[in-house]
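An overview of the molecular structure
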Amino acid sequence: MATISLCMIVKNEEKYLARCLDSVANLVEEIIIVDTGSTDRTTEIASNYTSKIYSHLWTDDFSDARNYSFSKASMDYCMWMDADDVLEKTEEEKFLKLKHSLSPDTDIVMMKYNTAFDEAGTPSFSYFRERWIKNCSKYRWIGAVHEVIPPNGSVIYSDIAICHKKIDAGNPDRNLKIYQKMLADGKTLDLRQQYYYGRELYYHQKYEEAIPVFEQFLASPEGWIENKIEACSICADCYYKLDQEHSALMTLLRSLSFDLPRAELCCKIGKHFLERGNYHSSIYWYKTALHTAKNEYSCGFILPDCYDYIPLLQLCVCYDKIGDRQKAKEYNDRAGKCKPYSKAYLYNKHYFESLQIS
């Protein structure tokens, strides 16, 4: 049986920490807590679960702190979680089964990370992350922000999911400030850091600054395909915010130069034409989204609704706009099978009932 060291870095997490540890404490053999400067009850709460609590000077480098936490582990595998993560009860049996059946040759176990949810609590944004990592010096975190352990060796994918359930926004400026400090110190951002730096600029509504960062990233012959495609999506959003609609559309279409269409991008292209009254073009792109295969194991960001619910709902709108209300109702009915609780579906359902369309 594989043994697990849960390795966490924390700071002022008194609101979340007990919830996180309650969800996983009985499933792991060891809990390592590395505190980077809490001024609240974080370490007091942690002491109810483990005696292995360490202080570590925060250096604006998440990899540094995570590697320190891994250095304290003594079990077969290191597992990381953030304090606002939760392992739901539904995952416990699968977690224990994997521990008992895991081949000792396995280096990394990738698990799903659900980070956003709809009104019914169904995940609406997810991706795979390295979650169990063999405890050896070969595997170390890199990147001051959005740190990662590059997958290599024997990697397996598990459908066990960790849920990120943040209550407060936290410090929205932290990541951007770290990148800005790195640049002020004369450091060069690698391609992955360029991509995430562009995202941070976008989140802070610095659209004119974000665009050249993304364009430089996209122009490089190197870089991960999934990041390239996502960069096209966010860079297009920047152009939309600056009312540069043609550049936005061209950037969305540019994503097709990197790989087969992603439903997420098809939905955005469909939305572009829908909002401009070009319903037939919109229908084409939403149907393309609907028939695009979802590759959950690409490790890219996945918006599950873009593969069924959103294109179905928007096809309903498009067909209604061109006067084919029977087909519009059919697509709304299909959307309702995906999300019977959806306010948009229920509104449309009432609309078609008022038109006596069966």
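Right, let's walk through the structure included here. (Residues numbered from 1 in each chain as written. Predicted model: local features only at pLDDT ≥ 70, side-chain atom pairs only at ≥ 80, totals over all residues. Heavy atoms only, no water.)

**Quick notes on the packing of helix H7 (residues 207-219) against helix H8 (residues 225-241)**
- Direction vectors running N to C along H7 and H8 enclose 150°, while the axes themselves pass 9 Å from each other. In this view, H7 runs roughly antiparallel relative to H8, as classed from their interaxial angle. Crossing geometry of H7 relative to H8 is assigned as left-handed. Note on element contacts: H8 touches H7 through Asn-227, Lys-228, Ala-231, Cys-232, Ile-234, Cys-235, Cys-238, Tyr-239 and Lys-241, opposite Tyr-207, Ala-210, Ile-211, Phe-214, Glu-215, Phe-217 and Leu-218.
- Considered class by class, the residues forming the contact of H7 with H8 number 12 nonpolar, one polar and three charged. (Axes fitted to C-alpha atoms, helices over the stretch in contact; angles between N-to-C directions. Helix = DSSP H or I, 4+ residues; strand = E, 2+ residues; numbered from the N terminus. Parallel < 35°, antiparallel > 145°, perpendicular 65-115°, else oblique. Left-handed = near helix turned anticlockwise from the far one by under 90°. Contact = heavy atoms within 4.5 Å. Nonpolar A, V, L, I, M, F, W, Y, C, P; charged D, E, K, R; others polar.)

**Focus on the nonpolar core**
- Within the largest apolar cluster, 107 residues are counted, with the highest numbers of intra-cluster contacts made by Leu-6, Met-8, Val-24, Met-79, Phe-95 and Trp-132.
- With eight residues, H8 is the single largest residue contributor to this core. (Core = buried A, V, L, I, M, F, W, Y, C linked by side-chain atoms within 4.5 Å. Buried < 20%, exposed > 50% of the residue type's maximum accessible area, 1.4 Å probe, protein only.)

**A closer look at the pattern of salt bridges**
- Considering all chains together, one arrives at 26 salt bridges under this definition.
- For Asp-107, the salt bridge goes to Lys-134, with nearest N and O atoms at 3.9 Å. Taken as a pair, Asp-107 in the loop between helix H4 (92-101) and strand S6 (108-117) and Lys-134 in strand S7 (residues 123-134) lie far apart in primary sequence, 27 residues in all.
- Residue class for Asp-107 comes out buried when judged on its relative accessible area of 11%.
- With a shortest N-O distance of 3.8 Å, Arg-276 and Glu-275 are connected by a salt bridge.
- Here Glu-275 falls in the exposed class, since its relative accessible area comes to 51%.
- Taken together, the shared-partner salt bridges in this structure form one network comprising Glu-245, Lys-271, Glu-275 and Arg-276. (Salt bridge = Lys/Arg side-chain N within 4 Å of Asp/Glu carboxyl O.)

**Some remarks on the layout of surface pockets**
- If you add up the space inside the second largest pocket, you get close to 300 Å³.
- In this structure, the second largest pocket is lined by 13 residues; those nearest its centre are Ser-233, Glu-264, Lys-268, Leu-303 and Cys-306.
- Here the lining of the second largest pocket takes four residues from helix H10 (residues 263-275), the largest share from any one element.
- Taken together, the residues that form the lining of the second largest pocket break down as seven nonpolar, two polar and four charged. (1 Å grid on protein atoms, 1.4 Å probe; cavity = no way out; pocket = protein on both sides within 12 Å on 5 of 7 lines; lining within 4 Å. Points joined across faces, edges and corners; volume = space filled by probe spheres on them.)

**Considerations on the pairing of strand S4 (residues 77-80)**
- Along S4, one buried face is formed by Tyr-77 and Met-79 and the opposite face, lined by Cys-78 and Trp-80, is buried too.
- For strand S1 (residues 4-10) and S4, the ladder comprises four bridges, and the chain directions are parallel. Across the sheet, the residue bridging to Ile-4 is Tyr-77, located in S4.
- Examined bridge by bridge, S4 and S7 share three bridges and lie antiparallel to one another. Directly across from Cys-78, in S7, lies its bridge partner Ile-133. (Pairing = 2+ DSSP bridges.)

**A word on the sheet that holds S4**
- Taken in spatial order, the eight strands line up as S3-S2-S1-S4-S7-S6-S8-S5 in an open sheet, and their pairing is mixed. A single partner strand is all that each edge strand has here, and the edge strands are strand S3 (53-55) and strand S5 (85-86).
- Strands in contact with helix H1 (residues 17-24) are S1, strand S2 (30-35), S4 and S5; relative to S1, the strand with the most contacts, it is inclined by about 175°.
- Helix-sheet contacts for H4 involve S1, S4, S6, S7 and strand S8 (155-164), and the interaxial angle to S8 is about 150°.

**Quick word on the packing of aromatic side chains**
- Within this structure, the stated rule accounts for 21 aromatic pairs.
- Judged by centre distance (6.5 Å) and plane angle (85°), the ring pair of Tyr-54 and Tyr-68 falls under edge-to-face. With Tyr-54 in strand S3 and Tyr-68 in helix H3 (residues 62-71), this residue pair connects regions lying 14 residues apart in the sequence.
- Residue class for Tyr-54 comes out partly exposed when judged on its relative accessible area of 24%.
- With a relative accessible area of 22%, Tyr-68 lands in the partly exposed category.
- Seen in terms of ring centroids, Tyr-195 and Phe-217 are 5.8 Å apart; in terms of plane orientation they differ by 35°. Their pairing is tilted. Taken together, the residues Tyr-195 in helix H6 (residues 191-203) and Phe-217 in helix H7 connect sequence positions 22 residues apart.
- Taken together, Phe-70, Trp-80, Tyr-113, Phe-125, Tyr-127, Trp-141 and Phe-301 form an aromatic cluster joined through their ring pairs.
- Positioned above the aromatic ring of Trp-141, the side-chain terminus of Arg-66 is 5.5 Å from the ring centre.
- The residue whose ring lies beneath Lys-339 is Tyr-309, and the NZ or CZ to ring-centre distance is 5.5 Å. (Phe/Tyr/Trp six-rings, centres within 6.5 Å; stacked < 30°, edge-to-face > 60°. Lys NZ or Arg CZ within 6 Å of the ring centre and 35° of its normal.)

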